[in-house]
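Letter by letter, the chains look like this.
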Amino acid sequence: AQTVTQSQPEMSVQEAETVTLSCTYDTSESNYYLFWYKQPPSRQMILVIRQEAYKQQNATENRFSVNFQKAAKSFSLKISDSQLGDTAMYFCAFIQGAQKLVFGQGTRLTINP
Amino acid sequence: DAGVTQSPTHLIKTRGQQVTLRCSPKSGHDTVSWYQQALGQGPQFIFQYYEEEERQRGNFPDRFSGHQFPNYSSELNVNALLLGDSALYLCASSFGDRFEAFFGQGTRLTVV
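Caption draft 1: Quick peek at the overall build of chain A. From N to C terminus, chain A includes zero helices and twelve strands. At 13 Å, chain A has a C-alpha radius of gyration in line with the 13 Å of a compact globule built from 113 residues. Expressed as lengths along the three principal axes of its C-alpha atoms, the size of chain A is roughly 40 × 25 × 20 Å. Burial statistics for chain A: of 113 residues in total, 49% are counted as buried. Counting contacts in chain A only where the partners sit at least 6 residues apart, residues at least 24 apart contribute 53% of the total. Here chain A has roughly 5500 Å² of accessible surface; of this, 44% comes from carbon and sulfur atoms. Positive and negative side-chain charges in chain A, numbering 10 and 9 respectively, have mean positions lying 7 Å apart.

This is the structure in C-alpha cells:
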C-alpha cells in the first residue's frame, strides 16, 4: 500500500526565517509524482510545488524548493524568507498514474511576525 | 477561468438523511475526484469519475455514490448519514491522464 507520512504535526517560525517540512512515503512503483499542497483557512487546497520521480533535479518555485531523495523515499519542502501569508496546513501527497492522490496527515505551519 | 467550484459551501444534516454535493470542474478538465477530509486529517480518496464512469474507488461504503454528467460536472451522494460523515468534502478536477489536480474550496458537511 502507498502511504505518506509527515512526522511534524506543527511548526512555528519567525517571519523571514527558513523552515523545512518533512515527508516520507512508501511505494514499490518507480514512476510517480510528489506534491506539496497548502491549505489556508479558506480551505482550498493550493498546489505549491511538484516533483517527477524520474527527474533527479530538485524542483523549485520562487521561495519554495524540495529535497527529493528517491532512494530514501524522502521529499522535504523548504520555504525561504517565510512570510505571514505562508501560514497554513501543508500536505505532502503522492500520485502514481492518473490515480488517486495519497495525502499525509499534514503539518500546521505558523509564521510569527 | 472560474476554477473548480463546489456547492453548497456549508451544510447541516440530520443522521439518517441523504445529501448531495455538487462540483463543476475547471474549464477544459474531464476528470473529477472526490475526497473526504476529517478535521485535523489529510484528505482521503472517495472515488474518481471519467467519461461519466467511476474509474476507481477508495475504501468507502456503498452509501457513498456519485455521478458525472456530460458537461463533466459531478455529484457526490451520501445516504443514511452517520455522525462520522461530518467532514470537509473536496472535489478535484484534472485533464485525462495528467497528474496535476485543481481543488475546489470544499463543502463542509455537519451531521447532527
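Caption draft 2: Main features of the overall build of chain B. Summing up its helical and strand segments, chain B has zero helices and eleven strands in all. Taken from N to C terminus, the helices and strands of chain B fall in the order β-β-β-β-β-β-β-β-β-β-β. Compactness check: chain B gives a C-alpha radius of gyration of 13 Å against a globular reference of 13 Å for 112 residues, within 12% of the reference. Dimensions of chain B, computed from the C-alpha atoms along their principal axes, are close to 35 × 25 × 25 Å.

Caption draft 3: Here's a closer look at the sheet that holds strand 3 (residues 19-24) of chain B. Residues and elements named next belong to chain B. With antiparallel pairing, the four strands of this open sheet are ordered in space as 1-3-8-7. If you trace the sheet from one side to the other, it starts and ends with strand 1 (5-7) and strand 7 (64-68), each paired once. Sheet twist, expressed as the average angle between the axes of neighbouring strands with direction ignored, equals 20 degrees. Here strand 1 pairs with strand 3 via three bridges, running antiparallel. Bridge pairing links Q6 to C23 in strand 3.

Caption draft 4: Structural detail: the environment of B:I12. Inspection of the secondary structure assignment puts B:I12 in strand 2 (residues 10-13). A sequence separation of ten residues divides B:I12 from B:R22, and the C-alpha atoms of the two residues are 15 Å apart.

Caption draft 5: Structural context of the interface of chain A and chain B. On the chain B side, the residues contacting the 21 residues of chain A number 25 residues. Between chain A and chain B, roughly 1900 Å² of surface is buried when both sides are summed, and carbon and sulfur atoms account for 52% of that area. Our count for the chain A to chain B interface comes out at one salt bridge. Applying the counting criterion to the chain A and chain B interface returns ten residue pairs in polar contact (both at pLDDT 80 or more). When residues of the side of chain A that touches chain B are traced back to their parent elements, those giving at least two are strand 5 (33-39), strand 6 (46-52) and strand 10 (88-95) of chain A.

Caption draft 6: Structural context of unusual backbone geometry. Residue and element names in this part refer to chain B. Here the residue pair S7 and P8 is connected by a cis peptide bond, since its omega of -10 degrees sits within 30 degrees of zero. Summarising the element assignment, P8 is placed in the loop between strand 1 and strand 2. Located in the positive-phi region is E52, a residue other than glycine, with phi close to 65 degrees. Relative to the assigned elements, E52 resides in the loop between strand 5 (44-50) and strand 6 (53-57). With relative accessibility at 40%, the residue E52 sits in the partly exposed group. Residues other than glycine seldom take positive phi values, yet A80 does so here, at roughly 45 degrees. When you line up the elements, A80 lands in the loop between strand 8 (74-78) and strand 9 (87-94).

About the criteria used
Residues numbered from 1 in each chain as written. Chains lettered and ligands numbered in written order. Predicted model: local features only at pLDDT ≥ 70, side-chain atom pairs only at ≥ 80, totals over all residues. Heavy atoms only, no water. Helix = DSSP H or I, 4+ residues; strand = E, 2+ residues; numbered from the N terminus. Rg over C-alpha atoms; globule rule 2.2 N^0.38 Å. Buried < 20%, exposed > 50% of the residue type's maximum accessible area, 1.4 Å probe, protein only. Contact = heavy atoms within 4.5 Å. Areas by Shrake-Rupley, 256 points an atom, 1.4 Å probe, with all protein chains shown as cover. Lys, Arg positive; Asp, Glu negative; His and termini not counted. Charge placed at Lys NZ, Arg CZ, Asp CG, Glu CD. Pairing = 2+ DSSP bridges. Axes fitted to C-alpha atoms, helices over the stretch in contact; angles between N-to-C directions. Buried area = accessible area lost by both parts, 1.4 Å probe. Salt bridge = Lys/Arg side-chain N within 4 Å of Asp/Glu carboxyl O. Polar contact = N/O pair within 3.5 Å; in protein donor to acceptor, adjacent residues only side chain to side chain.

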